[in-house]
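Structural description and commentary
Okay, here's what each chain looks like letter by letter:
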Amino acid sequence: MSKDKPWGGRFSEATDAFVEAFTASIEFDKRLYKHDIQGSVAHASMLAKVGLLTQDEADAIHAGLAEILVDIEAGNFQWSVSLEDIHMNIEARLTDKIGITGKKLHTGRSRNDQVATDIRLWLRDEIELIQAEIRRLQAGLVQLAAQEVDTILPGFTHLQVAQPITFGHHMMAWYEMLQRDYERLTDCAKRVNIMPLGAAALAGTTYPIDRQYTAELLGFSRPANNSLDAVSDRDFAIEFTAAATLIMTHLSRFSEELVLWASAQFGFINLPDRFCTGSSIMPQKKNPDVPELVRGKTGRVNGNLIALLTLMKSQPLAYNKDNQEDKEPLFDTVDTLLGSLRAFADMMPYVETNKANMRRAAMQGFSTATDLADYLVVKGLPFRDAHEIVGKAVAYGVETGKDLSEMSLQALQEFSGMITNDVFDVLTLEGSVAARNHLGGTAPEQVRLRIAEAKALL
Ligand code: ARG
């Protein structure tokens, strides 16, 4: 009967069994147990501080909640669907344990401000874990970049060989993206770390509560300024998920490169066996499943962002039951992100490079053609004319199957009399990358500087 429900007073009929299951969130929000207890412990301390509970009552509540935490973690807690959600499950259990005092915990509070508080406390912790994984992945990238700072591969535009670059530079590009991702989370965490508690159902409470004190106990930067806003908006969860979609987008692009590079056609890298799987029919196969799966999982996180935005868009103030739907997309986002980052961070230190293949590929697409044009410009030719001349030299190279660096001086001089023997300094791959020696350029010297800065930061 509804009489069993904490809110059953005005009901004369039991909840329909299907409706009970349909509206319950306990199956997924039990995941918030630790933060629900954390919030209740602080709330009880505040109630005692302002005289709404005696110290003995607060102590009994604290002891009861501590036992419940142990019970849950030991797997000795009976979750009840008829108690709907994590908040009522824990509160009911507390009353079973300590009697009537348990019923006083909900003074000056509602599940509306309670759930918003729980999610914020939980997400704050998860953001820290995610940031730690980003740091671990960045450290792996920096290590690989340092090892391969002089390794040359072709850089691509339109997936066509463009100019030679260094592998270290390429790895540090991913490092930079992850650094922005990290900073975005730091910024997002500032807005997560604001306390809804005290907003009660929507309008605040008639009791003389001390929100500043509760916020301090919970490590929130401050209480939310408006009770209606505090219980209703989930913009912090949307913002976090948006940041997550960008991280997944970066990992997905990175995955695409790893998959290409690990193919026989590129042969630039070798992924460790333990991060790959075989085929049940083709004995020769070694598939780059981890990056493929991360690329695929990006879709879930993008979907979660749309789910949360859509969930929010038509809600009038203040709390609506719609908001119960915030949890699964948010949980899934965190799980997917943590798993993907972890897989990448674990794998990165063991990625092996195949320098010979990279070098061969860089030699194949006339990747130093721009260098030859720049050389002619330095000798006094307008860039457009230099471009034309080098184009002709490339056409000759295509015909004869020779890279620019493999042509004789005499052959090159057919295209321009300005070319002298020093041209070979710029036509080599090493000369080409070393020449791009300015902030942000691919020259090993520049990459070393950025690696040193990154190491200092990490
Ligand atoms: N399970 C609910 C949620 O996840 C908790 C808040 C319920 N509040 C209410 N008035 N029904 O949002």
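A brief report on the enclosed structure follows. (Residues numbered from 1 in each chain as written. Predicted model: local features only at pLDDT ≥ 70, side-chain atom pairs only at ≥ 80, totals over all residues. Heavy atoms only, no water.)

It is worth spelling out the overall build of the protein chain at this point. The helix and strand tally for the protein chain stands at 19 helices and 6 strands. Taken against the 2.2 N^0.38 rule, which gives 23 Å for 458 residues, the C-alpha radius of gyration of the protein chain at 31 Å runs more than 25% over that of a compact globule. Counting only C-alpha atoms and orienting by the principal axes, one finds that the protein chain spans roughly 100 × 50 × 40 Å. Counting across all 458 residues of the protein chain, residues that qualify as buried make up 48%. Within the protein chain, contacts between residues at least 6 apart in sequence are counted, and of these 74% link residues at least 24 apart. Summed over its atoms, the accessible surface of the protein chain is roughly 21600 Å², and 54% of this surface lies on carbon and sulfur atoms. Positive and negative side-chain charges in the protein chain, numbering 46 and 61 respectively, have mean positions lying 1 Å apart. (Helix = DSSP H or I, 4+ residues; strand = E, 2+ residues; numbered from the N terminus. Rg over C-alpha atoms; globule rule 2.2 N^0.38 Å. Buried < 20%, exposed > 50% of the residue type's maximum accessible area, 1.4 Å probe, protein only. Contact = heavy atoms within 4.5 Å. Areas by Shrake-Rupley, 256 points an atom, 1.4 Å probe, with all protein chains shown as cover. Lys, Arg positive; Asp, Glu negative; His and termini not counted. Charge placed at Lys NZ, Arg CZ, Asp CG, Glu CD.)

The next thing to look at is the environment of Phe 254. By the element assignment, Phe 254 lies in helix 10 (residues 235-262). Placed 90 residues apart in sequence, Phe 254 and Phe 344 show a C-alpha to C-alpha distance of 9.7 Å. Not counting residues up to four positions away in its chain, the partners in contact with Phe 254 are Leu 141, Met 171, Trp 174, Phe 344 and Met 348.

This part is about a nonpolar patch on the surface. Together, Phe 18, Val 19 and Phe 22 make up an exposed nonpolar region whose accessible area comes to about 350 Å². Topologically, Val 19 is positioned in helix 1 (residues 17-23). Judged by relative accessible area, which is 36%, Val 19 ranks as partly exposed. (Patch = residues over 30% accessible without salt bridge, like charges linked within 9 Å, V, L, I, M, F, W, Y side chains within 5 Å. Salt bridge = Lys/Arg side-chain N within 4 Å of Asp/Glu carboxyl O.)

The next subject is the site of the ligand. As a matter of local geometry, the ligand sits amid Ser 25, Asp 29, Asp 85, His 87, Arg 111, Asn 112, Val 115, Tyr 319, Gln 324 and Lys 327. Asp 85 is positioned such that a nitrogen or oxygen atom in its side chain is 3.1 Å from a nitrogen atom of the ligand. Lys 327 has a polar side-chain atom sitting 2.6 Å from an oxygen atom of the ligand. Contact with the protein chains hides 86% of the accessible area of the ligand, taken as 340 Å² for the molecule alone. (Near = heavy atom within 4 Å. Polar contact = N/O pair within 3.5 Å; in protein donor to acceptor, adjacent residues only side chain to side chain.)

Under the defined criterion, the tally for this structure stands at 11 aromatic pairs. Taken together, a centroid distance of 4.5 Å and an interplanar angle of 45° make the contact between Phe 77 and Trp 79 tilted. Residue Trp 79 is classed as partly exposed on the basis of its relative accessible area, which comes to 25%. Members of the aromatic cluster, joined through ring pairs, are Phe 156, Phe 167, Trp 261, Phe 266 and Phe 268. Stacked on the ring of Phe 331, the Lys or Arg Arg 31 has its end atom at 4.8 Å from the ring centre. Positioned over the ring face of Tyr 350 is Arg 274, at 4.4 Å from the centre of the ring. (Phe/Tyr/Trp six-rings, centres within 6.5 Å; stacked < 30°, edge-to-face > 60°. Lys NZ or Arg CZ within 6 Å of the ring centre and 35° of its normal.)

Let's shift gears to helix 5 (residues 86-98). With 13 residues, helix 5 ought to run about 18 Å at 1.5 Å a step, and its terminal C-alpha atoms sit 18 Å apart, in line with that. Residues Ile 86, His 87, Met 88, Asn 89, Ile 90, Glu 91, Leu 94 and Thr 95 constitute the buried set of helix 5. On the buried face of helix 5, the contacting elements are helix 2 (26-29), helix 3 (33-49), helix 4 (55-73) and helix 6 (111-147). Between the side-chain oxygen of the N-cap and the backbone nitrogen of His 87 there are 3.2 Å, and the N-cap of helix 5 in question is Asp 85. Of the residues one or two after helix 5, Gly 99 is the one with positive phi, at around 80°. (Expected span 1.5 Å × (residues − 1).)

This part takes up helix 3. An ideal rise of 1.5 Å per residue puts 24 Å on 17 residues; helix 3 measures up with 24 Å between its terminal C-alpha atoms. Taken across its 17 residues, helix 3 has 13 buried, putting it largely inside the fold. At the exit of helix 3 stands Gly 51, carrying a positive phi of roughly 90°.

Attention now moves to the environment of Arg 222. With respect to the element layout, Arg 222 can be found in strand 4 (residues 222-223). For Arg 222, a relative accessible area of 34% translates into the label partly exposed. Measuring from C-alpha to C-alpha, the distance between Arg 222 and Gln 212 comes to 6.7 Å, with 10 residues separating the pair along the chain. Setting aside residues up to four positions removed in sequence, Arg 222 forms contacts with Asn 193, Ile 194, Met 195 and Ala 215.

Turning our attention to the pattern of salt bridges. Scanning all chains against the criterion turns up 31 salt bridges. The shortest N-O distance in the salt bridge between Lys 49 and Asp 210 comes to 2.8 Å. Of this pair, Lys 49 sits in helix 3 while Asp 210 sits in the loop between strand 3 (194-195) and helix 8 (211-218); the two residues are 161 residues apart in sequence, bridging distant segments of the chain. Here Asp 96 and Arg 93 are joined by a salt bridge, their closest N and O atoms 3.8 Å apart.

Here the bond from Leu 317 into Ala 318 is cis, since omega is 5°, no more than 30 degrees from zero. Among the structural elements, Ala 318 can be located in the loop between helix 11 (289-313) and helix 12 (327-347). Phi is positive for Leu 159, close to 55°, though the residue is something other than glycine. Residue classification places Leu 159 among the exposed residues on the basis of a relative accessible area of 51%. For Ala 200, which is not glycine, the phi torsion reads 55° and is therefore positive. Inspection of the secondary structure puts Ala 200 in the loop between strand 3 and helix 8. According to the relative accessible area criterion, Ala 200 is buried, its value standing at 7%.

Here the focus is the pairing of strand 1 (residues 152-157). Bridge count between strand 1 and strand 2 (residues 160-166): 6 bridges; the pairing is antiparallel. Note on strand 2: the bridge partner recorded for Pro 154 is Pro 164. (Pairing = 2+ DSSP bridges.)

One can find Thr 442 in the loop between helix 18 (429-435) and helix 19 (444-457). Through-space distance from the C-alpha of Thr 442 to that of Val 149 is 9.5 Å; in sequence the pair is 293 residues apart. Every residue in contact with Thr 442, bar those within four places of it in the chain, is listed here: Pro 164, Ile 165, Thr 166, His 169, Val 433, Arg 436 and Val 447.

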